[in-house]
Amino acid sequence: MLSGAVNRLRGQVRVRAESQFPERVLNLCGARELAFWDLEWESPTAFTCRLSRKDWHALRQAAANLDCTLTVVRREGAPYFLFRFRHRQALVTGLVACALGLFLGSFFIWDFTVEGNETVSTERILRSLEKYGVGLGSFGLSLDGEDIRNHVLLDIPELSWITVNVSGCRASVQVRERVAPPEMVDEASPANVVARRAGLVLKVQALDGVAAVLPGTAVTEGQLLISGVEDTETVGARVLAGMGTVEARTWYALTTQVPLTGLEKRYTGEEKTGLSLIFGTRRIKFFSNSSIEGRKYDKITSRYPLTLLGVPLPVTVTVERRRFYEAVPAERTAAQAEQAAEAALTEQLHAMVDPWGAVSSTLCTSRRRGDTLAVTLAAECVEQIGESVPIFTEESGGA
């Protein structure tokens, strides 16, 4: 395969030799050390074979005195292909310029990939890199990895490590986020554990201090759960840093009002498509917004980065599609309104409960009042309700 590619780059000729004694042509090639391959016999007096462009010219001169006929069947390879464009200077110039542009463009960065980030957004990382000279169109060979790392880590303290690996015109950014240290517990300051909200106690685990409630006890908001004051028979009362968890069943009732009449989108069927090209960081628009000012529409943007032979180009085709609509009055059924309200209330409920526990069950009810629907979401949850509050003593300066 490699020799075939080399022969095509150097140029090769498919030759047909016809003679009463064709073996003389083969003997001549052997005597002059002319390489030939792909030999095929067409008849006892004719055969075809391939020779390099240089050996073909030597064979044609050496066989001038032989009683044979040499005919070129086909010319193949890069020299013959380029020879066709000898009268098309503009095309040749364009091809050379394109090849030169691809070669020079491979030394610049036109594509980014970011890996390893979970809480820090990709956009924030790329903006920080661009701030310190690593963006679209940056010269890849001039990047100083250590300098970039030092500046970006100072700019984004949530990262503990970052590296930029450049391969051709692609830059692979790999990051590692900093693991936040656990919150330190102040075991020296006196504190009580009180109820964050009302509930029915299921489990009490006092790590320090004295449990003030038992499982099965109903507690109200602010009630003492774990006391930081312990009575001893030897030294009397001792003040501790009350710590622990109290798991309880809790109940929620969230209510919202949903209008049954409102506005909805109705698409008119009219659409407009705008095309733009992005060269690096510059955008060229081929459309104007003047004809759609004041009108309502949904915009759908599609981006198509261009590549050539797998190499990304600094050109992105952007297609913006606008679908026009009108806001018309519409009525929702009670079922639709209840479903939308239940989804919103469920999301609010999870935002309140998930940091502390889990939702066990929910029940959604509704009642119509004129043009509105009152929706109530009742929920039962299991969560940790204890929270630490300081105990102010005379030594700490409290009253």
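Before reading on, note that the structure itself is shown above.
Report on the accompanying structure.

Conventions we followed
- Residues numbered from 1 in each chain as written.
- Predicted model: local features only at pLDDT ≥ 70, side-chain atom pairs only at ≥ 80, totals over all residues.
- Heavy atoms only, no water.
- Pairing = 2+ DSSP bridges.
- Helix = DSSP H or I, 4+ residues; strand = E, 2+ residues; numbered from the N terminus.
- Patch = residues over 30% accessible without salt bridge, like charges linked within 9 Å, V, L, I, M, F, W, Y side chains within 5 Å.
- Areas by Shrake-Rupley, 256 points an atom, 1.4 Å probe, with all protein chains shown as cover.
- Salt bridge = Lys/Arg side-chain N within 4 Å of Asp/Glu carboxyl O.
- Buried < 20%, exposed > 50% of the residue type's maximum accessible area, 1.4 Å probe, protein only.
- Axes fitted to C-alpha atoms, helices over the stretch in contact; angles between N-to-C directions.
- Arc of directions from axis to C-beta.
- Contact = heavy atoms within 4.5 Å.
- 1 Å grid on protein atoms, 1.4 Å probe; cavity = no way out; pocket = protein on both sides within 12 Å on 5 of 7 lines; lining within 4 Å.
- Points joined across faces, edges and corners; volume = space filled by probe spheres on them.

## Let's talk about the pairing of strand β15 (residues 243-259)
Phase 1: Two strands pair when backbone bridges link them, and strand β9 (residues 199-208) and β15 are joined in this way by seven bridges, in the antiparallel orientation. For Leu200, the partnering residue across the bridge sits in β15 and is Arg249.
Phase 2: Looking at chain direction, β15 and strand β21 (residues 372-384) are connected through 13 bridges and run antiparallel. By the bridge assignment for β21, Ala253 is matched with Ala378.

## Topic: a nonpolar patch on the surface
Phase 1: A contiguous nonpolar patch, built from Leu275, Phe279, Ile284 and Phe286 and spanning about 390 Å² of accessible area, is present on the exposed surface.
Phase 2: The exposure class assigned to Ile284 is partly exposed, which follows from its relative accessible area of 42%.

## Section: unusual backbone geometry
Both trends apply: most residues other than glycine have a negative phi, and most peptide bonds are in trans.
Phase 1: Although it is not a glycine, Glu33 adopts a positive phi angle of roughly 55 degrees.
Phase 2: Mapped onto the fold, Glu33 is located in the loop between α2 (23-31) and β2 (36-43).

## Remarks on the sheet that holds strand β5 (residues 111-115)
Phase 1: Read from one edge to the other, the open sheet built from three strands follows the order β5-β7-β6, with strand pairing classed as mixed. Bordering the open sheet on either side are β5 and β6 (159-167), each of which pairs with just one other strand. Sheet twist, expressed as the average angle between the axes of neighbouring strands with direction ignored, equals 15 degrees.

## Some words on the environment of His151
Phase 1: Locating His151 in the fold gives a position in helix α7 (residues 145-155).
Phase 2: The exposure class of His151 is partly exposed, given its relative accessible area of 30%.
Phase 3: Spatially, the C-alpha atoms of His151 and Lys131 are 9.5 Å apart, while their sequence positions differ by 20 residues.

## Thoughts on helix α3 (residues 53-62)
Phase 1: Here α3 has its buried residues at Asp55, Trp56, Leu59 and Ala62. For α3, the angular spread of the buried residues around the axis is 130 degrees, confining them to a single face. Of the exposed residues in α3, the ones pointing more than 90 degrees away from its buried face are Lys54 and Gln61.
Phase 2: Contacts made by the buried residues of α3 are with β1 (12-19), α2, β3 (46-52) and β4 (68-76).

## A short note on empty space enclosed by the protein
Phase 1: One pass over the full model with this rule turns up one cavity of 30 Å³ or more.
Phase 2: Considering only enclosed or pocket space, the largest cavity measures out at about 40 Å³ in volume.
Phase 3: Lining the largest cavity are Ser19, Phe21, Arg24, Val25, Leu66, Asp67 and Cys68.

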